[in-house]
Amino acid sequence: MSKKEQVADLEQQVTEQAETTTDVDVANLKQQAVKQTKTTTDVGAANLEQQAAEQAEVTTDVTEGQDNAQKGLVEELQSALTEANAKVEEHWNTILRLKAEMDNLRKRTERDIQNAHKYALERFVESLLPVVDSLELGIQAANQEGATVKSICEGSEMTLKMLLQSMEKQGVQVVNPLGERFNPDYHQAMAMQPHDGEANIVINVMQKGYLLNDRLVRPALVVVSKPTEESKEEKED
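Remember, predicted model here, so these are calculated numbers, not experimental data.

So, about the nonpolar core. Judged by nonpolar contacts, Val175, Val202, Val205, Leu211, Ala220, Val222 and Val224 together constitute the single largest core of seven residues. Among the elements of the structure, β3 (202–207) and β6 (220–226) are those that each provide at least two residues to this core. Once you skip the residues sitting within four places of it in the chain, Ala220 turns out to touch Val175, Pro177, Tyr186, His187, Gln188, Gln207, Lys208 and Gly209.

Below, the structure is given as structure tokens:
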């Protein structure tokens, strides 16, 4: 083999060796790249899983907190509702009790008013009974033998006194204005007569008047004085 052929053969071997080395290096690089990619993917997936787990845990905590808050609010509302129902029941019972008391009071008041109208004169009648008894005794005494006018008058005066006392206890007052100045609120003038002295003076009581608790029941019928002719002449002089 010539020298030139040997050189060509060496060059071919070197080229083959270089190609073989290059293919091995490329394969190694590809394998390393795949491993690196897989490792990176695994790490990223793990990180994503961890982040998802943490996010889920946070979400769970928030949800549990919201549930607890809602549960507490519901319990407070139920407690307030129970208390309100208890107060309503208490107030309703109070209203029913007051209504019953008002009904009883109304019935009792109506009964008292009816009794007041029905027995308004009971005390007055009781005060007149002794007068009736006295009149009956006076009549019996007048019918007995030996009865005198004087004894009958004395009995009648006693009975009249009892009657006036009974009427006074019931608020009745006698209007007997003899010698008083004429008062048209309580007196009714039946006539006027000339009389020495001051004019408009009651000089005669024809019928006594009566008041009931200061309210006029009957005016007194009276005769009122007026100046005489001589009194007029004296005033003119």
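Strand order in the open sheet formed by three strands is β2-β6-β3, and the pairing between neighbours is mixed. Each edge of the open sheet is held by one strand with a lone partner, namely β2 (187–194) and β3. Going from strand to strand, the sheet's axes swing by 25° on average, the running direction of each strand aside.

On to the sheet that holds strand β4 (residues 209–212), then. With respect to topology, three strands assemble into an open sheet ordered β1-β4-β5, the strand pairing being antiparallel. Each edge of the open sheet is held by one strand with a lone partner, namely β1 (172–175) and β5 (215–218). Along the sheet, successive strands turn relative to each other by an average axial angle of 35°, direction set aside. In the sheet, β4 pairs with β5 via three bridges, with the strands oriented antiparallel. Its bridge partner lying in β5, Leu211 is registered against Leu216.

Bringing the packing of helix α2 (residues 122–143) against helix α3 (residues 149–169) into the picture now. Orientation of α2 relative to α3, taken along the N-to-C sense of each, is 175°, at an axis distance of 9 Å. Between α2 and α3, the interaxial angle falls into the category roughly antiparallel. Residues Phe124, Ser127, Leu128, Pro130, Val131, Ser134, Leu135 and Ala142 of α2 form the contact with α3, whose participating residues are Ile152, Thr159, Met162, Leu163, Ser166 and Met167. Taken together, the residues of the contact of α2 with α3 sort by class into 10 nonpolar, four polar and no charged.

Let's shift gears to the pattern of salt bridges. Taken as a whole, this structure holds four salt bridges when the rule is applied. Across the pair Asp103 and Lys99 runs a salt bridge whose closest N-O atoms are separated by 3.4 Å. Of this pair, Asp103 and Lys99 both sit in helix α1 (residues 3–118), four residues apart, which is roughly one turn of the helix. Asp103 sits in the partly exposed class, given a relative accessible area of 26%. Residue class for Lys99 comes out exposed when judged on its relative accessible area of 52%. A salt bridge links Glu198 to Arg181; the shortest N-O distance between them is 1.8 Å.

What counts and what doesn't
Residues numbered from 1 in each chain as written. Predicted model: local features only at pLDDT ≥ 70, side-chain atom pairs only at ≥ 80, totals over all residues. Heavy atoms only, no water. Core = buried A, V, L, I, M, F, W, Y, C linked by side-chain atoms within 4.5 Å. Buried < 20%, exposed > 50% of the residue type's maximum accessible area, 1.4 Å probe, protein only. Helix = DSSP H or I, 4+ residues; strand = E, 2+ residues; numbered from the N terminus. Contact = heavy atoms within 4.5 Å. Pairing = 2+ DSSP bridges. Axes fitted to C-alpha atoms, helices over the stretch in contact; angles between N-to-C directions. Parallel < 35°, antiparallel > 145°, perpendicular 65-115°, else oblique. Nonpolar A, V, L, I, M, F, W, Y, C, P; charged D, E, K, R; others polar. Salt bridge = Lys/Arg side-chain N within 4 Å of Asp/Glu carboxyl O.

Everything listed is a geometric property; what it means functionally is a separate question.
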